[in-house]
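Secondary and tertiary structure notes
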Amino acid sequence: MCAFNEIKDMVNELDNPLYMMLFQLASTQKIQHILEVGSASGEGTTRILAKAIAGLDAQLYCLEAQPENFQALQSRYQDNPQVSVFPYLSVYPAQFPSFETIVAHREQGQSLLGKYPLKEITRWYDGEKTLAAQSPQISGIDHIKASYGIEHFDLVLLDGAEFLGVQDFEAVKGAAL
């Protein structure tokens with residue numbers, strides 16, 4: 001009965017188009033190194049990716065800088081040797097863009113942030129900037145590449161800080177997917 005419930009839960013999860021795409025990519029492509037930036041507590045896309053690579057010759061590297069989320073992520077995957085978790089920002093904290101840069105991109109229509117009030121963006125920015133200031137002076141992406149001898153990741157999911165999209169993309173250029 002347990003196996004049936006697991007299969008039923010998986011079918012329900014894969015009704016989500018993003019989950020279905022990630023599961024198919026990770027389980028059917030020749031993928032060894034997967035990077036997920038912004039894994040949160042590991043309940044969403046992390047879980048789908050971990051299930052997709054179960055039993056395959058693949059490794060999932062997760063970055064989560066929020067301390068509470070990282071603790072939950074670490075606890076959830078501590079017994080899964082195919083999932084490695086790291087409490088770092090994706091890029092060096094010094095690469096965090098200035099607030100003026102964020103506002104300029106918003107005003108020029110170069111950002112989805114135009115949909116949100118400036119007061120809300122300021123609140124998000126202040127929280128992310130505080131986290132960056134408290135984070136180790138390490139680029140999580142560079143750390144993983146150096147530690148595991150990875151030149152390019154095979155699959156990357158960027159879902160990290162609202163203001164590091166450009167920097168994250170630059171750090172993973174060359175990834176297969």
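So, here's what we can say about the structure. Keep in mind that this is a model prediction, so the values were computed, not measured.

1. What to know about the side chain of Glu36
- Among the secondary structure elements, Glu36 is positioned in strand β1 (residues 33-37).
- Buried Glu36, no salt bridge; nearest opposite-charge side chain is Arg47, N-O distance 10 Å.
- Of the polar contacts made by the side chain of Glu36, one reaches the side chain of Ser39; its length is 2.8 Å.
- There is a polar contact of 2.3 Å between the side chain of Glu36 and the side chain of Thr45.
- When sequence neighbours within four positions are dropped, the list of residues in contact with Glu36 reads Thr45, Thr46, Leu49, Leu60, Tyr61, Cys62, Leu63 and Leu157.

2. Description of the layout of surface pockets
- What the largest pocket holds in volume is close to 450 Å³.
- Together, 17 residues line the largest pocket, and Ser111, Leu113, Glu162, Phe163 and Gly165 are the ones closest to its centre.
- Secondary structure elements with two or more residues in the lining of the largest pocket: α5 (99-107) and α8 (165-172).
- Split into classes, the residues belonging to the lining of the largest pocket amount to nine nonpolar, six polar and two charged.
- Here the second largest pocket is characterised by a volume of approximately 230 Å³.
- In this structure, the second largest pocket is lined by 18 residues; those nearest its centre are Gly38, Glu64, Glu128, Gly160 and Ala161.
- Residues that form the lining of the second largest pocket fall into these classes: eight nonpolar, five polar and five charged.

3. Brief notes about the side chain of Thr46
- Within the secondary structure, Thr46 sits in helix α3 (residues 45-53).
- In this structure the side chain of Thr46 is engaged in a polar contact, spanning 2.3 Å, whose partner is the side chain of Glu36.

4. Examining the sheet that holds β1
- What the four strands build is an open sheet, ordered β3-β2-β1-β4; its pairing is parallel. Only two strands of the sheet have a single neighbouring strand rather than two, namely β3 (83-86) and β4 (155-158). Within this sheet the neighbouring strands show an average axis-to-axis angle of 15°, counted without direction.
- With four bridges connecting them, strand β2 (residues 59-63) and β3 associate as parallel partners. For Cys62, the partnering residue across the bridge sits in β3 and is Val85.
- Each of β1, β2 and β3 is contacted by helix α7 (residues 140-148), which is oriented at about 150° to β2, the strand it contacts most.
- Seen against the sheet, α8 touches β1 and β4 and runs at an angle of roughly 170° to β4.

5. So, the packing of helix α2 (residues 17-28) against α3
- Running from N to C, α2 and α3 point in directions that differ by 30°, and their axes come no closer than 8 Å. In this view, α2 runs roughly parallel relative to α3, as classed from their interaxial angle. In this structure, α2 meets α3 at a crossing whose hand is right-handed. On α3, the residues that touch Leu18, Tyr19, Leu22, Phe23, Ala26 and Ser27 of α2 are Thr45, Ile48, Leu49, Lys51, Ala52 and Ile53.
- Residues that form the contact of α2 with α3 fall into these classes: nine nonpolar, two polar and one charged.

6. Overview of the pairing of β3
- Neither face of β3 is left uncovered, since the one carrying Val83 and Val85 and the one carrying Ser84 and Phe86 both have all their residues buried.
- Read from β2 through helix α4 (residues 67-77) to β3, the crossover connection turns out right-handed.

7. Description of the pattern of salt bridges
- Applying the stated rule across the entire model yields three salt bridges.
- A salt bridge links Arg76 to Glu43, with the nearest nitrogen and oxygen atoms 3.5 Å apart. With a gap of 33 residues between them, Arg76 in helix α4 and Glu43 in the loop between β1 and α3 connect regions that are remote in the sequence.
- For Arg76, a relative accessible area of 40% translates into the label partly exposed.

Reading the values: rules and limits
- Residues numbered from 1 in each chain as written.
- Predicted model: local features only at pLDDT ≥ 70, side-chain atom pairs only at ≥ 80, totals over all residues.
- Heavy atoms only, no water.
- Helix = DSSP H or I, 4+ residues; strand = E, 2+ residues; numbered from the N terminus.
- Buried < 20%, exposed > 50% of the residue type's maximum accessible area, 1.4 Å probe, protein only.
- Lys, Arg positive; Asp, Glu negative; His and termini not counted.
- Salt bridge = Lys/Arg side-chain N within 4 Å of Asp/Glu carboxyl O.
- Polar contact = N/O pair within 3.5 Å; in protein donor to acceptor, adjacent residues only side chain to side chain.
- Contact = heavy atoms within 4.5 Å.
- 1 Å grid on protein atoms, 1.4 Å probe; cavity = no way out; pocket = protein on both sides within 12 Å on 5 of 7 lines; lining within 4 Å.
- Points joined across faces, edges and corners; volume = space filled by probe spheres on them.
- Nonpolar A, V, L, I, M, F, W, Y, C, P; charged D, E, K, R; others polar.
- Pairing = 2+ DSSP bridges.
- Axes fitted to C-alpha atoms, helices over the stretch in contact; angles between N-to-C directions.
- Parallel < 35°, antiparallel > 145°, perpendicular 65-115°, else oblique.
- Left-handed = near helix turned anticlockwise from the far one by under 90°.
- Right-handed = clockwise from strand over helix to strand, strands pointing away.

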